[in-house]
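A look at the structure
Each chain, letter by letter, is given below.
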Amino acid sequence: MTDKRKVRKAVFPVAGLGTRFLPATKAVPKEMLTVVDKPVIQYVVDEALDAGIEHLIFVTGRNKGVIEDYFDIQTELEQTLKERNKNAELTLLAEILPKAGTTSFTRQQAPLGLGHAVWCARDIVGDEPFAVLLPDMIMRSEKGCLKGMVELYEQSGGNVLAVEECAPEQAHKYGIVGVGDAVGDGFKITAMVEKPPAGTAPSNFFINGRYILQPEIFGILETQERGAGNEIQLTDGMLKLAKQQQFAGYHFRGETYDCGMKEGFILANVAFALSRGDIRPGVEDQLKALMAALK
Ligand code: G1P
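Not measured: the values here are computed from a predicted model. (Residues numbered from 1 in each chain as written. Predicted model: local features only at pLDDT ≥ 70, side-chain atom pairs only at ≥ 80, totals over all residues. Heavy atoms only, no water.)

1. Section: the nonpolar core
Core analysis: the largest hydrophobic core is formed by 49 residues, its most contacted members being Phe-12, Val-35, Phe-58, Ile-138 and Leu-146. In this structure, Phe-12 is in contact with Ile-41, Val-44, Val-45, Ala-48, Leu-56, Ile-57, Phe-58, Val-59 and Leu-133, ignoring residues within four places of it in sequence. If you look at the next biggest cluster of nonpolar residues, it comprises 31 residues, including Trp-119, Phe-218, Ile-220 and Met-238. (Core = buried A, V, L, I, M, F, W, Y, C linked by side-chain atoms within 4.5 Å. Buried < 20%, exposed > 50% of the residue type's maximum accessible area, 1.4 Å probe, protein only. Contact = heavy atoms within 4.5 Å.)

2. Quick notes on helix α10 (residues 262-274)
For α10, which comprises 13 residues, the first-to-last C-alpha distance of 18 Å matches the rise-based estimate of 18 Å (1.5 Å per residue) to within 8%. Residues of α10 that are buried: Gly-264, Phe-265, Ala-268, Ala-271, Phe-272 and Ala-273. Those residues of α10 that are buried are in contact with β2 (34-35), α1 (40-50), β7 (137-140), β13 (255-258) and α11 (280-294). (Helix = DSSP H or I, 4+ residues; strand = E, 2+ residues; numbered from the N terminus. Expected span 1.5 Å × (residues − 1).)

3. Some words on the packing of helix α3 (residues 75-83) against helix α4 (residues 87-96)
Here α3 crosses α4 at 150°, and the two axes come no closer than 8 Å. Considering the angle they form, α3 stands roughly antiparallel to α4. As α3 packs across α4, the resulting crossing turns out to be left-handed. Mapping the contact onto sequence places Leu-77, Glu-78, Leu-81 and Lys-82 in α3 and Glu-89, Leu-90 and Leu-93 in α4. Classifying every residue of the contact of α3 with α4 gives 4 nonpolar, no polar and 3 charged. (Axes fitted to C-alpha atoms, helices over the stretch in contact; angles between N-to-C directions. Parallel < 35°, antiparallel > 145°, perpendicular 65-115°, else oblique. Left-handed = near helix turned anticlockwise from the far one by under 90°. Nonpolar A, V, L, I, M, F, W, Y, C, P; charged D, E, K, R; others polar.)

4. Details of helix α9 (residues 234-241)
Side chains that are three or four residues apart share a direction in an α-helix, a result of its 3.6 residues per turn. All of the buried residues in α9 are Leu-234, Thr-235, Gly-237, Met-238 and Leu-241. Down the axis, α9 shows its buried residues gathered within 160° of arc, on one side only. (Arc of directions from axis to C-beta.)

5. What to know about the pairing of strand β6 (residues 130-133)
On β6, burial covers both faces: Phe-130 and Val-132 on one face and Ala-131 and Leu-133 on the other are all buried. Here strand β1 (residues 9-13) pairs with β6 via 3 bridges, running parallel. Its bridge partner lying in β6, Val-11 is registered against Val-132. With 4 bridges joining them, β6 and strand β11 (residues 205-213) adopt antiparallel strand pairing. Across the sheet, the residue bridging to Val-132 is Tyr-211, located in β11. (Pairing = 2+ DSSP bridges.)

See below:
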């Protein structure tokens, strides 16, 4: 049976140490680093809510408490804003506050890999399909990536992975899929391999960090052995699930910024700043002048 139950819950694995961003991430989780004026995690949560997600599950780790605080009210701050008639700021804070009871937090106690992080959410997800959004990747597009995936899922059921094309020499950095026949507006995934050695990738379509999965993945992850990088890999678990269930690929055609890398994080700041009417005028000309001066 192809399962098409509504995707209501989303898992955000936010336990990573962020070593690439030290010293910034010594005291601030990498998910809280700012792109223009919002933390990275807010972009990913907005994408999930826009796709109809009703419950946000954060798999956190030690020193990530500030993420939980961010999704709560801040009584003192709000009181001060009220006293100062800062109504726009109050509205902004109210808009990003999740409804009571729609967030859950659990901890991944040891950095054993993405497959293990997702498995840590099993009791909170329960027996229903769910989304996974890797917060390193933030996207810019007319239609949100997860929203497009949900539309494909409504046609295909089963499991859906968002993919994008990469240069062949970049394939070893990602999970790569094999491309089969059309399924709805997507395609059937015929193979999956995590970080294939150079020259062995089945295609140049990489998994971009957005997943819709059926709950049977949890039973598989429970006994999943370590794979690439000596970590419990989600891709290896999905490969096993693909023997019983369909996996469809959704070709995402927007812009993706890997905020786990310095270059991607800086580009995200530039791209989101230039896409905003209130910021672009103050940035664009100076950016051009800077580029010219640095030639
Ligand atoms: C993870 C996944 C990989 C995916 C990538 C996207 O890898 O394991 O399949 O392509 O995210 O960013 P990581 O970036 O954690 O090494």
